[in-house]
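So the chains spell out like this:
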Amino acid sequence: MANSSCGAARLRAATTTPKAPLPSTRPGRKSRCRRGSDGAEAEESAGAGAGCAVTVATPQSGVRAPSEDAPPPPPPPLVVDATDPEAVHVVGSALTVSFSRRTGLPCSMRRCGVELLQAPLEPSLWRPLNDNELGACAHVRLRRFRTAGRPSRGGHHALLQPLRVDDVAGGVEVEAHAALLSDGELCLTTTCLVRPDGAVEVSARLVSGERRAAEGAEAAAGAGGAGGAAGAGGVGFCAEGGPFLR
């Protein structure tokens, strides 16, 4: 039995993979990091007294991460493409905004080749009527405002002058003046600003035809027109300083 036990012990010793001895450590050791002449960082562990030191080298790629304080590079300038007879295209690095020559409003917005608009923008002047308005037959008297400025529903929307496209400090600005009724009673002024970073700002203002004519005369005389609210002509509840675009 003793011989068999010794044979089994020798067999285990022969088949077991020897392990490399680990360096001895002592309580209270401290480690410090140093950089060698080859640019590699090394972590050195040293004891308080005499003893061996263990050094583990960490290779470095030599590429430093950019500083968080460094400002991002400015986006490239916008390019205006006016060769299309149907629309004016403002092209940026990732976003392209197309403005219809019929309405002056964005009819397409593509980001990295993907269309973001389900349909061209149109002004919406109508809202559900309340009981008092129905009792006063507002749905009959103001019926024409239900589709005003909405070509998709058979409404009238015609530019009074060609689009104005200017390079401004914040990007490219597109301004349009349009009549929302065939008789010119109600007009819409829209200003769209496309920024190089991909932001788009759209502002709109409703004025009556008479008010717009007066503002045009004042502008020609060098005096700016006042900010517009609703004008005369039976606009009623649906005339607001900032219409909803959908």
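Residues numbered from 1 in each chain as written. Predicted model: local features only at pLDDT ≥ 70, side-chain atom pairs only at ≥ 80, totals over all residues. Heavy atoms only, no water.

1. Comments concerning the side chain of Ser-108
What counts, and what does not: To qualify as a helix, a DSSP run of H or I must reach at least 4 residues; to qualify as a strand, a run of E must reach at least 2; elements of each kind are numbered from the N terminus. Only protein chains enter the calculation, and the probe is 1.4 Å; a residue is then buried if its accessible area is under 20% of its type maximum, exposed if over 50%, and partly exposed in between. Whenever two N or O atoms come within 3.5 Å, that pair is a polar contact, provided that in protein one can donate a hydrogen and the other can accept it, and provided that, for residues adjacent in sequence, both atoms are side-chain atoms. Two residues form a contact once any of their heavy atoms are found within 4.5 Å.
With respect to the secondary-structure elements, Ser-108 resides in strand S7 (residues 106-111). Looking at Ser-108, the relative accessible area reads 9%, which means it is buried. Within the local environment of Ser-108, its side chain forms a polar contact with the side chain of Arg-110, the two groups lying 3.1 Å apart. For Ser-108, the residues in contact, after removing those within four places along its chain, are Thr-96, Val-97, Ser-98, Glu-115 and Leu-117.

2. A look at the environment of Pro-128
With respect to the element layout, Pro-128 can be found in the loop between strand S9 (123-124) and helix H2 (131-135). In this structure Pro-128 comes out as exposed when scored by relative accessible area, which is 70%. Along the backbone, Pro-128 and His-139 are 11 residues apart, and their C-alpha atoms lie at a distance of 9.5 Å.

3. Things to note about unusual backbone geometry
At Cys-112, a residue that is not glycine, the phi angle is positive and equals roughly 55°. Structurally, Cys-112 can be placed in the loop between S7 and strand S8 (114-115). The residue Cys-137 is not glycine, and still its phi comes out positive at about 60°. Mapped onto the fold, Cys-137 is located in the loop between H2 and helix H3 (138-141). Given the relative accessible area of 39%, Cys-137 is considered partly exposed.

4. Focus: the confidence of the model for the protein
Applicable threshold: Looking at any residue, its pLDDT shows the predictor's confidence there, from 0 to 100.
Chain-level pLDDT for the protein is 73 on average; 57% of the residues reach the 70-or-more range. In the model, residues 224-246 has pLDDT below 50 throughout and makes 62 contacts with residues more than four positions away in sequence or in other chains.

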